[in-house]
Amino acid sequence: MGFDGTLTMRFGIYALALGFLALPVSLAARDVAIDVPAGTVANSVISIARQTGSSIVVSHPVLAERRSPRIRGRMGAEEAVRRLARSVGGEAVRVGKSSWKIVPRPKRSALRPSRPKPLPAPARPAAPDPLPIPEPGPPIVVTASKRDTRLTELAAQVAIIDGESLELGGVGGTEKITQRIATVSSTHLGSGRNKLFIRGIADSSFTGPTQATVGQYLGDLRLSYNAPDPDLRLSDLERVEVLEGPQGTLYGAGSLGGIIRLVPHAPELDVASIRGMAGAALTQHGSPGGDLSATANIPLRRERAALRVSIDASREGGYIDKPNLGRIDVNRADILAGRASVHVELDEDWTVELLGLAQSSKAEDSQYADRGGAPLENSAQVQEGSEAEYLHGQFVVSGLFRDIEIRSTSGFARQELQERYDATAPNGPDRLFLQRNDTRMLAHETRFWVPLSKRFGWLAGLSLIDNRTRLTRSLGSPDSRSASPGVLNTITEATIYGEASYRLRDGLIATVGARYTHAWLGGSGQDVAEAFVRTEITASRKQGAFLPSASLLAEVAPATSLFVRYQEGFRPGGLAIQGNFVSRFEQDRAATLEFGLRHGRPKRDPFDLTLSVSHTRWSDIQADFIDELGLPSTANIGDGRVWTASSVLGVNLLPELRLDAGVTFNESRIDEPSLALFSRTNHVPNIARFSGRLGLEYSARIARDLDLRIQAWSSYIGKSRLGIGPELGELQGDYLDSGLIARIARDRLGATISVTNLADVRGNRFALGTPFVVGRDQVTPLRPRTIRFGLDFSF
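What comes next concerns the included structure. (Residues numbered from 1 in each chain as written. Predicted model: local features only at pLDDT ≥ 70, side-chain atom pairs only at ≥ 80, totals over all residues. Heavy atoms only, no water.)

### Comments concerning the side chain of D792
Our working definition: Working definition: helices are DSSP H or I runs of at least four residues, strands are E runs of at least two. Numbering for both runs from the N terminus. Classification of residues uses two cut-offs on accessible area relative to the type maximum, computed with a 1.4 Å probe and protein chains only: under 20% is buried, over 50% is exposed, and between them is partly exposed. We call two N or O atoms a polar contact when they sit within 3.5 Å, provided that within protein one can donate a hydrogen and the other can accept it, with sequence-adjacent residues counted only if both atoms are side-chain atoms. Residue contacts are defined here by distance: any two heavy atoms, one from each residue, within 4.5 Å place the two residues in contact.
Tracing the chain through its elements places D792 in strand 46 (residues 786-794). Residue class for D792 comes out buried when judged on its relative accessible area of 13%. In this structure the side chain of D792 is engaged in a polar contact, spanning 2.6 Å, whose partner is the side chain of R743. Setting aside residues up to four positions removed in sequence, D792 forms contacts with G276, M277, R743, R748, L749, G750, A751 and T752.

The following block contains the structure:
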């Protein structure tokens, strides 16, 4: 990879590992057990230095941000440093008895190509320094920026959760994210059925034909187009990145509220390993559950190819009773998931990655209860519940052409969801409503970029998406149902986009970008009488969307920046069923102006703080409502405004103890309801006016080879309204949730105990279980207090 030699002059010696001078120098000379996880070079040198008592520096900032494989085995510090240097195209240079420097490897001639990616040597190499100047740690790089932008140079509100933290206390799903980030919220129909929201951008409670307001991605490929959150198991992830606010320029349709990007661990080329965990859980007032998880890394060809496989299985014990059916703990849920990836190094500059994922979720019955009835009881007389199946595959080619990074991703996703709702009328016979949502998506994206250097950085890309969603419904007795009107939506998108950043002066970066999408939309009614289908409604049509963006970031003090950002997003229109007729809803758009402040680096500096204030103008809002037949439908309900203020604070109270806190405030208003049905609607649904979170984390070595880690958290979810229209005006929220996790570990074995819902609060997470029942208000209580005991291992 070629870089401007003056880059090194600007950054000087990029010291990324502390000199552990208090440790005996002889430790670096003898073999010790070393286990360095895959990550950036910057993180790896810190880990090697800690385990060997050595000092290590990296002389080039871009080299420091490269990905490095896991290093494991019994070896000396010199061997560990040389392995790390070789894996990323660098060289290890000894500068003292127990000190090393990793420098870029000089380019070889075309006749003798080297396998690792070379970097040009710095224009002015620094003199060897046996005692490097300590640095607070490596830079944080936000890969969701699509051009490896440093957090300190990104004008956006970003939250990052490391994968290890997500697995603590057992592998879970999206609730692990909502528990940790105050601005992310969800509906609570059940696993594989929910909608996610970021900030105050929320549309409705159902999983109808509208596209989600939050884009979800696994690596570079979106998980779905207009299907609910698949609730993937968050195992074997490097981290999760959340970008808040519209991300239309980089991510296009369906990112009005922001995006959530899951970053899986890449296969490691030179080490075979296996790790796993198992847990058993006891739920108060309910039935027990358990979970199993295992990950294996298998080199296929030394330093050329590797395979990584993960398997997860869990059973969540039920806690809702249905006395009219004579059953207890009916809402048991089983989830089985697997993921496999292969990484192949073609040569020193080009790689190929293959990834496949499958997940199956089954909820035996619903998880809501009657409001005002006996606690944790549901008076329905039919069995409800759901089944969800998810498949995902992607093929990625990435490489380097001169100074330009290239990444091309192609893939598919298939999601099938079947839901059962109680539709029994008061004093009427048992009735069941069944809805099937079958989504198929093909997607491709290729992008080219040069990271921001001394002055300039840019990104250009193109994407193609073809999506087909079929929504079918039936209504009748549990044993015999007749078809109800459904709908088929198809869309094909072609997009070009770009973004460029220019360093106007030291500490001042301006960024502009734009995206243009052209979409071809089609569809038809399903099981609809021909008299209720109008050709002009279902006819194929075209839509276009131009989404500009701009930002300015200024460093106003050391480690402190201010930014202002303008960004737009949109969702294309589609077809819905209203009554017995096929209807059309149009695209909606959101434009956000945001002001932010950022100080310090989360979990790197003793004190960090982010503040953000944003205003969103949301036009032609798409939302679901209950039509005249009592069935869910979709329409544009009017224009709205959303004001959001949020803040996140982190403080190291002691070297071993850290406090994290986050708050968010939302105020929304729908200015001009478009139909009489919504004339009393003046708020955006499902978003609490105020939410907050407080967390503590303690981590320390309590004996020579014994580590203790404790996490405790508490969050408050404020009041919100369920949805749009008088039938969905119920209040929900206004509850406190909490949890505690403790892990004690020695070498490669750990034991965990965790408790969720410490106070055994009932609460009301979501005021909907079925939209059909009249006169029986509903609540979705929190899972009662649950204790989990777990073991984990690695070798």
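From this point on, the discussion continues.
### A look at a nonpolar patch on the surface
Applied cut-off: Put simply, a patch holds well-exposed residues, over 30% relative accessible area, that have no salt bridge, with like charges counted together within 9 Å and Val, Leu, Ile, Met, Phe, Trp or Tyr side chains within 5 Å. Method for areas: the Shrake-Rupley scheme with a 1.4 Å probe, in which residue coverage is limited to the protein chains shown. Salt bridge, as used here: a side-chain nitrogen of Lys or Arg that lies within 4 Å of a carboxyl oxygen of Asp or Glu.
A surface patch of nonpolar side chains, amounting to about 370 Å² of accessible area, comprises I274, L749, F793 and F795. The topology assignment puts F793 in strand 46.

### Quick look at the pattern of salt bridges
The full count for this structure, using the stated rule, is 51 salt bridges. The salt bridge involving D608 is made with R658; its shortest N-O contact spans 2.4 Å. A residue pair is termed long-range when its members are at least 10 positions apart, and D608 in strand 34 (residues 607-619) and R658 in strand 38 (residues 657-670) qualify at 50 residues. D608 gets classed as buried once you look at its relative accessible area, which sits at 4%. Its relative accessible area of 8% is what places R658 among the buried residues. Beyond isolated ion pairs, a larger network of salt bridges with shared partners links K146, D220, R239, E241, R261, E353, R407, E445 and R447.

### Let's talk about the nonpolar core
Put simply, the rule is: The definition of a nonpolar core used throughout is a set of buried Ala, Val, Leu, Ile, Met, Phe, Trp, Tyr and Cys residues joined through side-chain atoms within 4.5 Å.
One finds I177, I181, V184, V240, V242, I260 and L262 to be the most contacted residues of the largest nonpolar core, which totals 34 residues. The leading source of residues in this core is strand 15 (residues 237-244), at 3 residues. The next biggest cluster of nonpolar side chains, apart from the first, holds 23 residues, and it includes L63, V88, A92 and I102.

### Quick notes on the packing of helix 3 (residues 41-52) against helix 5 (residues 77-87)
In a packed pair of helices, the relevant descriptors are the angle between the two axes and the axis-to-axis distance. Rules: Helix axes use the C-alpha atoms of the stretch in contact, all axes being lines fitted to C-alpha atoms, and the angles between their N-to-C directions lie in the range 0 to 180 degrees. Throughout this description, any angle smaller than 35 degrees is read as roughly parallel, any larger than 145 degrees as roughly antiparallel, any in the 65 to 115 degree range as roughly perpendicular, and the remainder as oblique. Gly is placed with the polar residues, together with every amino acid not listed as nonpolar (Ala, Val, Leu, Ile, Met, Phe, Trp, Tyr, Cys and Pro) or charged (Asp, Glu, Lys and Arg).
The interhelical angle for the contact between helix 3 and helix 5, taken along N-to-C directions, is 175°, at an axis separation of 10 Å. Between helix 3 and helix 5, the crossing angle belongs to the class labelled roughly antiparallel. Across the interface between the two elements, V41, S44, V45, I48 and T52 of helix 3 pack against A77, A80, V81 and L84 of helix 5. The class makeup of the residues in the contact of helix 3 with helix 5 is 7 nonpolar, 2 polar and no charged.

### Here we look at helix 5
Defined as follows: The arc refers to the directions leading from the helix axis to the C-beta atoms.
Along helix 5, the positions that sit buried rather than exposed are A77, A80, V81, L84 and A85. Down the axis of helix 5, the buried side of the element spans an arc of 130°, and every buried residue falls inside it. One or two residues past the end of helix 5 sits G89, with phi positive at roughly 80°.

### Quick notes on the environment of G763
Secondary-structure assignment places G763 in the loop between strand 44 (749-756) and strand 45 (778-779). Among the residues examined, G763 registers a relative accessible area of 28% and is labelled partly exposed. Expressed as a C-alpha distance, the spacing of G763 and L736, which sit 27 residues apart in the sequence, is 7.6 Å. In contact with G763, other than residues within four places in its own chain, are Y735, T780, P781 and L782.

Function-wise, these values are silent; they only describe arrangement.
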